[in-house]
Structures are given as structure tokens and as C-alpha cells.
Amino acid sequence: MSATITQATGAAHTRIYSVGAARGENAVPNDDLVGPIDSSDEWIRQRTGIITRARAVPETDAIDLSSAAASEAVQRSGVDPADIDLVIVATISNPKQTPSVSAIVADRIGANPAAAYDVNAACAGYAYAVAQADALIRAGAAHYAVVVGAEKLSDIVDPTDRSISFLLGDGAGAVVIGPSETPGISATVWGSDGSKADLVGMNHTLTEFRDGTSPWPTLRQEGPSVFRWAVWEMAKVAREALEKAGIEASDLAAFIPHQANLRIVEEFAKQLKLPETTVIARDIETTGNTSAASIPLATHRLLEEHPELSGGLALQIGFGAGLVFGAQVVVLP
């Protein structure tokens, strides 16, 4: 008779315990950016809703932002850092292609020797990482996880690019996820459409820059096409996430979409027919578009401004470069 292996099993349910945040040190108003794009404060506000955005000083990188946000989340969670055995960082702005941001963050927060890896799913990265932490804990592969969304997009922006330069900010948001007696994170609806990958992403490769055939790679986008995709296709994804969670839009205490553009956020809310009682995240107004960091940063701000939302249901949805998307319903900590 052959030997049999032991397969791990974990908690039946998971939830988010706490949220931490770190924003770039400088508040950069529209007037500081309009010259190179021949624009105005009024034009930027009308098209995006952004009044100012957070940007980090040169000495601060995505690793520093991640570490600060993760430290706050762990401190608020009450979980001993030594008990954290998984760290996932969603980012497209690691200052080095290797080592991972997550391994350094795990060390800085006292979680060695936690499993650690980065996720590159752009603006959907945080939703992807939450889905993975939830699944790994329920599978018994981890007990407590730190999930971080972090970006320093000011390093990869062309100040003369009228399609995207004025949108981007720097920051990190983090959560601690662990076992729960009741469901706290719904099934995730996620996917991609790589056939339209050229609509938003980097304009050159690092090897082209190395070989002197292109300038420093920066983000760019086809704004109108991305807007249409985000509003119409992502509304379908949001509805599917609600269906998988077994709830109605009227059950939501908060709606926390990726902070891409305030016009997208508001059109989204109309498409979902959210009631007036649902609080809608509008962190983009003073933080800007921070890609993978935008959902946890917006969550942090909502809970600071509306502590009564704690324990309520929130629909969060990320979408972005590579036309990657992910959505789930969570119980707010």
C-alpha cells in the first residue's frame, strides 16, 4: 500500500482586520502641472475631478511607501508580526525588477520568514492580491496575510503627456487579512483582455532605453477608449461581483472603485443605481490616480471620515493596464 500525503486545509472564512496608508509627502496642485501640457486647472478638474495629487520626494520609493502602510495596518490589526506568514505587494513601480518589494516589506515589519511575492496587475493588482490572500488562508497555505497596493508613479510619467501625466500620484495602502468565523471577503470576479493591451501601459521597454533607441519608458493611455471600457464593461463586472456575493446594490455601505477618474467613478455609480445611502469613494480628488494603491488608500480615507462604515459591506473593483480587472465585496474592518 502506497503512502498518502497530508493536504493542508485552512479557515472556512476570512476578513480584513485593518487598513494602513502612506501618501507621497507633497501635495501637487493642478497649477504646478499645466504648463508642459498647455492646459488649466479648470480643464483638469472638469475632466478628472482632481484638485491636487500626492507625490513623493525623490528619496522615497514604492518600498518605503509599502513599508509605512503595512506597518500601520499591522499595528492596528493587533496581530503579532511574527504570526504573519504571507506578504503580497501589488505594484508596477518596484524601483528594481528584483528583489521583490514584498520580501523587503516582510523584513521591515518583522514578518520574516513570511512567504512574499509581488503582483503586477496594474490598477487591478490590489483586488487580485486580496483574492489570493483569501484563497491561500482558506486553503491552509497561510494564516495571516499583509496585502499592499503601492505605487510611485511620478517616476514613470512624462510631464508633457497630455493623456495621463496630470492624473498620477504616489502612495500605498495595506490591509491585514486573517481567519474569520463569518464570511468577510466574497468570491472574486477577475479577468483580462490582452487584445486591447495597447490602450494603456508603458510606451517603451527597458531594453530599448538601455540600447538608446527610446527615451525613459513612461505610462500613456488612449483616454477615450479606456473611459468607455471602464464605464460600460466594468459595470458588468461589478454587477457580477454583487451577484456572486449574494447581495444587492442597496446592501452596500460603500462603493470603492479604482480611483482612475472622478467622471468614471460617478458614471459607475449611476450604472449600478446605487442608493443615496451608499458612500462613494472620491479619494482621487486629493490623492490622484495611484494605480494598485488607489482602492486601499480610498478605503483608509473613507474609514477615517466615516467610522460608522465599519462592519458594512463595500464593493471594490480595480481595472487598468492590460485591461485587467478584479472585483469583490468585502466587510469593512
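This report concerns the structure included in the present document.

## With respect to the packing of aromatic side chains
For step 1, the next point in the chain: Under the definition given, this model contains 7 aromatic pairs.
For step 2, the next point in the chain: Here Trp43 and Phe166 contribute two aromatic rings whose centre-to-centre distance is 5.3 Å and whose plane-to-plane angle is 70°, an arrangement assigned as edge-to-face. Remark: Phe166 occurs in the loop between strand S6 (145–152) and strand S7 (170–180) and Trp43 occurs in helix H1 (residues 41–48); sequence separation between them is 123 residues.
For step 3, the next point in the chain: Residue Phe166 is classed as buried on the basis of its relative accessible area of 4%.
For step 4, the next point in the chain: Relative to Phe319, the ring of Phe268 has its centre 5.9 Å away and its plane inclined at 65°; by these criteria the two rings are edge-to-face. A residue pair is termed long-range when its members are at least 10 positions apart, and Phe268 in helix H7 (residues 262–272) and Phe319 in strand S13 (residues 313–320) qualify at 51 residues.

## Comments concerning the sheet that holds strand S11 (residues 254–257)
For step 1, the next point in the chain: Strands sit in the order S8-S14-S13-S11-S12 across an open sheet of 5 strands; the sheet is mixed. The strands lining the two open edges of the sheet, one partner per strand, are strand S8 (189–192) and strand S12 (279–280).
For step 2, the next point in the chain: Note that S11 and S13 share 4 bridges and pair parallel. Bridged to Pro257 within S13 is Ile317.
For step 3, the next point in the chain: Lying on the sheet, H7 is in contact with S11, S12 and S13; it crosses S11 at an angle near 130°.

## Some remarks on the sheet that holds strand S1 (residues 13–23)
For step 1, the next point in the chain: Ordered by their spatial adjacency, 5 strands build an open sheet running S1-S7-S6-S4-S5, and the pairing between neighbours is mixed. Only two strands of the sheet have a single neighbouring strand rather than two, namely S1 and strand S5 (115–119). Neighbour-to-neighbour, the strand axes of this sheet turn through a mean angle of 15°, independent of strand direction.

## Structural notes on the layout of surface pockets
For step 1, the next point in the chain: Considered as a void within the structure, the largest pocket measures approximately 780 Å³ in volume.
For step 2, the next point in the chain: As for the largest pocket, its lining consists of 29 residues, of which Ile92, Ser93, Asn94, Asn120 and Leu206 are closest to the centre.
For step 3, the next point in the chain: Every element with two or more residues in the lining of the largest pocket is listed here: S5 and strand S9 (200–202).
For step 4, the next point in the chain: If you tally residues by element for the lining of the largest pocket, the top one is S9, at 3 residues.
For step 5, the next point in the chain: Its residues assigned to classes, the lining of the largest pocket shows 15 nonpolar, 9 polar and 5 charged.

Cut-offs applied
- Residues numbered from 1 in each chain as written.
- Predicted model: local features only at pLDDT ≥ 70, side-chain atom pairs only at ≥ 80, totals over all residues.
- Heavy atoms only, no water.
- Phe/Tyr/Trp six-rings, centres within 6.5 Å; stacked < 30°, edge-to-face > 60°.
- Helix = DSSP H or I, 4+ residues; strand = E, 2+ residues; numbered from the N terminus.
- Buried < 20%, exposed > 50% of the residue type's maximum accessible area, 1.4 Å probe, protein only.
- Pairing = 2+ DSSP bridges.
- Contact = heavy atoms within 4.5 Å.
- Axes fitted to C-alpha atoms, helices over the stretch in contact; angles between N-to-C directions.
- 1 Å grid on protein atoms, 1.4 Å probe; cavity = no way out; pocket = protein on both sides within 12 Å on 5 of 7 lines; lining within 4 Å.
- Points joined across faces, edges and corners; volume = space filled by probe spheres on them.
- Nonpolar A, V, L, I, M, F, W, Y, C, P; charged D, E, K, R; others polar.

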